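Residue-level structure breakdown
The lines below spell out each chain.
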Amino acid sequence: MPRGTTETREGVELSNLDQPLFDGAEATKRDLVDHLDAVADRILPELRDRPLSVIRARPGSPPFMQKNLPKYAPEWMRSTTVWAQTSHREVSYALVDDRRGLLWFANQRAVEYHPTLMRIGDTRARELVLDLDPPEGDDFAAVVRAARLVEQALADAGLAAAVKTSGAKGIHVVVPLSGEPEFDDTAAATRALAVRAEAVDPGAATTAFIKDDRGGRVFLDPTRVGGATIVAAYSPRARPGLPVSFPVAWSDLDDVHPRDFTVRNVAELLGERDPWRDAMPEPQPLPADLVEQGHTIPVPRVQAMHEGKRRKRAREQAAKEQG
């Protein structure tokens, strides 16, 4: 691919700016760079001191997630090493805390920015997060209905939260926490909140971790705790038109769609504002009854693993009996 337009910002050389970002992007690399540059002072607080995974994209190949900081990264780029339990290896994550680092990643065609929910050195949780994930299709109205169930469960628990589109098809609900709760207690409270929301209308939302058990309902995902990630507010998503994860007032949820916010219009919509910061309530303590209830609810991945093994044994037994 021939080298395209080149310019320098913050000492970072930016190249191929007028080329398509990826196949079907409906956007150029310049659209990505200009957006991230315009929102730098608002997205950077979401990234600072948090191990960062990114999703990169380029023409001719599908988007891919990158966790390890590339060896060719500039010397000034900060990083932190984290032991990954699932892959049993150390991962060197980037720490992006300034405009220069953000622009460098933009030039690498890093479209999505997924920081961990904990900062380096954290020993306690900072926030409780529910990720509302719709079933197959693009029924955002169903996600909004599920969000209303979460809104009611939050109110019943005496908690306040900020909400944003995921930029894809879902919604993120975030409760800032005070009192430095343990990660285990925060995970438990998140499970309990999801179960309480599901109980309001089990036909609209579910806590079933196994996809086949969701029955076309919105999944209330309670697993975003500690080293887990969610896409940062103001991050683009690697989808046609480059939609952006964007803060929405609870009262406006029924009137918006994730496609309303893209790299081409978000800077203008924001002006000088930071609606994510402005919408975030003051940190709140975890209600003791929520924590207590949550510790009686099985950890979703563990439960799903055991259930998967049970179903496999049942299938094998049925096949044996039929044979």
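The structure displayed is predicted, hence computed values, not measured ones.

1. Observations concerning the overall build of the protein chain
- Each helix and strand in the protein chain was counted, giving nine helices and 12 strands.
- Expressed as a percentage of its 323 residues, the buried residues of the protein chain come to 51%.
- A sequence separation of at least 24 residues applies to 71% of the contacts in the protein chain between residues at least 6 apart.
- Accessible surface, the protein chain: about 15400 Å² in total, of which carbon and sulfur atoms supply 49%.

2. Regarding the side chain of S53
- Within the secondary structure, S53 is located in strand β3 (residues 52-58).
- Among all residues touching S53, those that are not within four sequence positions of it are M65, Q66, K67, Y93, E112, Y113 and H114.

3. A closer look at the packing of aromatic side chains
- As enumerated under the stated definition, the model contains five aromatic pairs in all.
- With a centroid separation of 6.2 Å and an interplanar angle of 80°, the aromatic rings of Y234 and F246 are classed as edge-to-face. Taken together, the positions of Y234 in the loop between β12 (218-221) and α6 (266-270) and F246 in the loop between β12 and α6 put the pair 12 residues apart, joining distant regions of the chain.
- The exposure class of Y234 is buried, given its relative accessible area of 0%.
- Chaining the aromatic ring pairs together yields one cluster made of Y72, W104 and F105.
- Above the ring of W76, the side-chain terminus of R100 is found at 3.9 Å from the ring centroid.
- Lying across the ring of F219, R214 places its NZ or CZ 3.8 Å from the centre.

Quick notes on the rules
Residues numbered from 1 in each chain as written. Predicted model: local features only at pLDDT ≥ 70, side-chain atom pairs only at ≥ 80, totals over all residues. Heavy atoms only, no water. Helix = DSSP H or I, 4+ residues; strand = E, 2+ residues; numbered from the N terminus. Buried < 20%, exposed > 50% of the residue type's maximum accessible area, 1.4 Å probe, protein only. Contact = heavy atoms within 4.5 Å. Areas by Shrake-Rupley, 256 points an atom, 1.4 Å probe, with all protein chains shown as cover. Phe/Tyr/Trp six-rings, centres within 6.5 Å; stacked < 30°, edge-to-face > 60°. Lys NZ or Arg CZ within 6 Å of the ring centre and 35° of its normal.

Keep in mind these numbers describe shape, not what the thing actually does.
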